[in-house]
Amino acid sequence: MYDLICFEPEKPHKNLIRILCKIIFCILLIFVILTFFINKYNETNEVLVQEASSSNIVDTTVENSDANTSENNSIEETTQQSNFSEPTILSEEQYNNIIHIYRSDSEKIVYLTFDDGPSANITPLILDLLDKENIKATFFTLGTNVEKYPEIIQREYSDGHYIANHGYSHKYSEIYVNNDTILNDYLQCEQALKKALNNENFSTNVYRFPGGSSGGKYNDIKLAGKQYLKENNIAYLDWNALTYDAEGTPTHESIIENLKQTVGTKDVVVLLMHDSSSKILTYETLPEVISFFRDNGYTFKTLYDALSLNEN
Ligand SMILES: [Zn+2]
């Protein structure tokens, strides 16, 4: 009985130890299994992260290669369009070359300039004629028309004519408010030209004030505007001869007579004409205008020459 009593209390103790051992074993087993799976999970994750990084690198490479290709394409397109290159910013020397374009070293030079275009009916005729005569001219284009006829601008450019800036709206009351409205008129036309030529680097650098850079009721605003444009590296150019093809009711005779009178004895001539849609007479008299200058020993030049951009 005693033994039994004595034996009895030992049994739960042993059982307890056995149970504790089992629990510890189970805990260890669970720990080992968990560690195994955690390691496995981390390894998988690292692989995934690495794969993700690699695919980013690949994607970026693809993107970069696309970007390079389109960049190269646009460079090729630009090269194909013209052999000329336009400076983004005029140098001081180039600015002065335009402002003092009438200075002569005894060479007789004529710059044919056409304002207010392009137009669908007149500009292509003038371009055909200039092509036939092998003469390059300067077109002071109007932003609103540039937007309408981008393909004509592209032709002017690829034919080697100089595309200059005659502003966007041609509405004096909107342009001649202050310096910023003048600059804005220039910039709006620039933007239209960049879009037409699909070339963000294109810039004309030369503005022709609608109505001329001086005189009239906006004279003071124009005077301040000229200085403001200079501060923004933009030159301006008027003219020193004209056919009056855009005033009153011109005739063939009046155009030629005005040409002769306004050219006079000038060595350097910047001739104002127009290629807007009503100027059929400008086109019809152009052969005689060209003959007049040829007969009098003038060389035809463009603003590329004046800016010394025509040497390559
Ligand atoms: Zn005009």
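Residues numbered from 1 in each chain as written. Predicted model: local features only at pLDDT ≥ 70, side-chain atom pairs only at ≥ 80, totals over all residues.

### Topic: helix α5 (residues 150-158)
At 3.6 residues per turn, the α-helix brings residues three or four places apart onto the same side. Turning to α5, its buried residues number three or more, namely Ile152, Ile153, Glu156 and Tyr157. In an axial view of α5, the angular spread of the buried residues amounts to 140 degrees, which keeps them on one side of the axis. In α5, the exposed positions angled more than 90 degrees off the buried face are occupied by Glu151 and Ser158. Of the residues one or two after α5, Gly160 is the one with positive phi, at around 95 degrees. (Buried ≥ 20, exposed ≤ 12 C-beta atoms within 10 Å, placed from the backbone. Helix = DSSP H or I, 4+ residues; strand = E, 2+ residues; numbered from the N terminus. Arc of directions from axis to C-beta.)

### A closer look at the environment of His161
Take His161: it is sitting in the loop between α5 and β3 (162-165). Separated by 22 residues in the primary sequence, His161 and Phe139 have C-alpha atoms spaced 7.3 Å apart. Contacts of His161, omitting those with residues within four sequence positions, involve Lys136, Ala137, Thr138, Phe139, Glu156 and Thr302. (Contact = placed C-beta atoms within 7 Å.)

### Some details on helix α7 (residues 179-197)
With 19 residues, α7 extends 27 Å from end C-alpha to end C-alpha; this agrees with the ideal 27 Å at 1.5 Å per step. After α7 finishes, the residue Asn198 shows a positive phi value of roughly 50 degrees. (Expected span 1.5 Å × (residues − 1).)

### Focus: the packing of α5 against α7
The interhelical angle for the contact between α5 and α7, taken along N-to-C directions, is 80 degrees, at an axis separation of 9 Å. It follows that α5 is roughly perpendicular to α7 by the angle criterion. Here Pro150, Ile153, Gln154 and Tyr157 of α5 lie close against α7, whose contacting residues are Leu193, Ala196 and Leu197. Taken together, the residues that form the contact of α5 with α7 break down as six nonpolar, one polar and no charged. (Axes fitted to C-alpha atoms, helices over the stretch in contact; angles between N-to-C directions. Parallel < 35°, antiparallel > 145°, perpendicular 65-115°, else oblique. Nonpolar A, V, L, I, M, F, W, Y, C, P; charged D, E, K, R; others polar.)

### Concerning the pairing of strand β2 (residues 138-141)
Here β2 shows no split at all, with Thr138 and Phe140 on one side and Phe139 and Thr141 on the other all buried. As defined by bridge partners, strand β1 (residues 109-115) adjoins β2 across three bridges and the pair is classed as parallel. Following the sheet pairing, Phe114 is matched in β2 by Phe139. After leaving β1, the chain enters helix α3 (residues 123-133) and then returns to the sheet as β2, a path that is right-handed. Across four bridges, β2 lies against β3 in parallel orientation. When the sheet's bridge partners are listed, Phe140 is paired in β3 with Ala164. (Pairing = 2+ DSSP bridges. Right-handed = clockwise from strand over helix to strand, strands pointing away.)

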